[in-house]
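A look at the structure
Now for the letters of each chain:
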Amino acid sequence: GQQLNQSPQSMFIQEGEDVSMNCTSSSIFNTWLWYKQDPGEGPVLLIALYKAGELTSNGRLTAQFGITRKDSFLNISASIPSDVGIYFCAGQYRGAQKLVFGQGTRLTINP
Amino acid sequence: EPEVTQTPSHQVTQMGQEVILRCVPISNHLYFYWYRQILGQKVEFLVSFYNNEISEKSEIFDDQFSVERPDGSNFTLKIRSTKLEDSAMYFCASGTGRYQPQHFGDGTRLSIL
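I will try to describe carefully the structure that is included in this document. Note that this is a predicted model, so its numbers are computed, not measured.

Moving on to the pattern of salt bridges. Residue and element names in this part refer to chain B. Overall, the coordinates contain three salt bridges over all chains when judged by the stated rule. Between E44 and R36 there is a salt bridge whose closest N-O contact spans 3.2 Å. Looking at E44, the relative accessible area reads 23%, which means it is partly exposed.

To continue, consider the interface of chain B and chain A. Accessible area lost during the coming together of the parts is what is often quoted as the interface size. In this complex, chain B contributes 20 residues to the contact, which on the side of chain A involves 21 residues. Here chain B packs against chain A, burying approximately 1800 Å² in sum over the two surfaces, 51% of which is carbon and sulfur. Taken together, chain B and chain A are joined by 11 residue pairs in polar contact (both at pLDDT 80 or more). Listing elements by their share of the side of chain B that touches chain A, those giving two or more residues are strand 4 (31-37), strand 5 (44-50), strand 6 (53-57) and strand 10 (103-104) of chain B. If one sorts the elements of the side of chain B that touches chain A by residue count, strand 4 of chain B sits on top with four residues. Residue composition of the side of chain B that touches chain A, grouped by class: nine nonpolar, seven polar and four charged.

Moving on, we get to the sheet that holds strand 8 (residues 75-79) of chain B. Residue and element names in this part refer to chain B. Judged by pairing direction, the sheet is antiparallel, and its four strands sit side by side in the order 1-3-8-7 without closing on themselves. Whereas interior strands pair on both sides, the edge strands pair on one side only; in this sheet they are strand 1 (5-7) and strand 7 (65-68). Across the sheet, the mean angle from the axis of one strand to that of its neighbour is 20°, orientation sign disregarded. Bridge analysis of strand 7 against strand 8 gives four bridges, and the strand direction is antiparallel. Bridge assignment links V67 to a residue of strand 8, and that residue is L77.

Cut-offs applied
Residues numbered from 1 in each chain as written. Chains lettered and ligands numbered in written order. Predicted model: local features only at pLDDT ≥ 70, side-chain atom pairs only at ≥ 80, totals over all residues. Heavy atoms only, no water. Salt bridge = Lys/Arg side-chain N within 4 Å of Asp/Glu carboxyl O. Buried < 20%, exposed > 50% of the residue type's maximum accessible area, 1.4 Å probe, protein only. Contact = heavy atoms within 4.5 Å. Buried area = accessible area lost by both parts, 1.4 Å probe. Polar contact = N/O pair within 3.5 Å; in protein donor to acceptor, adjacent residues only side chain to side chain. Helix = DSSP H or I, 4+ residues; strand = E, 2+ residues; numbered from the N terminus. Nonpolar A, V, L, I, M, F, W, Y, C, P; charged D, E, K, R; others polar. Pairing = 2+ DSSP bridges. Axes fitted to C-alpha atoms, helices over the stretch in contact; angles between N-to-C directions.

In structure tokens form, the structure reads like this:
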């Protein structure tokens with residue numbers, strides 16, 4: 001079936017460190033999105049990517065849409081305690097409305 | 001900032017009972033969605049809705065599920081005869097266009113006893 005492989009599953013880092021996570025797929029996506037989910041809340045959109053090779057920033061967050069359209073990464077620079085949460089990538093196929101979500105990366109930060 | 005609101009935040013229902021989950025999408029959005037997330041798993045697509053009809057649905061969205069936009073502001077998901085495996089967080093989302101970002105509500109936790 002349609003799957004996104006997101007890695008790593010979890011990360012334990014020190015405050016101030018940079019973070020990198022990525023998603024890969026065997027299929028081509030038209031759109032990649034990155035969401036963050038805090039406990040008891042819904043996914044909050046962080047960055048949306050529409051073009052192959054596109055590099056987009058949102059504050060300390062940077063995401064890129066892979067050239068092959070089959071992967072994307074999210075970087076967080078200089079992590080702070082409020083970055084804790086679960087980060088999901090989601091892809092949207094051309095012609096489809098549904099989002100296909102990755103399994104999530106759980107980020108834990110040690111102060 | 002406008003947001004998607006969902007009620008109730010937690011719904012406890014006996015197996016076999018009908019349940020209706022309610023959502024108020026962002027006011028200028030035209031595309032509406034339901035997703036679910038079983039505890040500890042990833043978010044899964046259920047259905048999309050545009051122009052008063054279902055535009056896409058997953059294999060999860062079988063005959064026991066239905067969606068409705070009963071008025072200009074609400075969007076509902078009905079589960080006719082709930083099963084234990086329907087226990088999950090149900091998220092409503094909305095967007096301005098077919099390929100525009102989808103914005104999620106905080107979800108309804110559905111617990112089937």
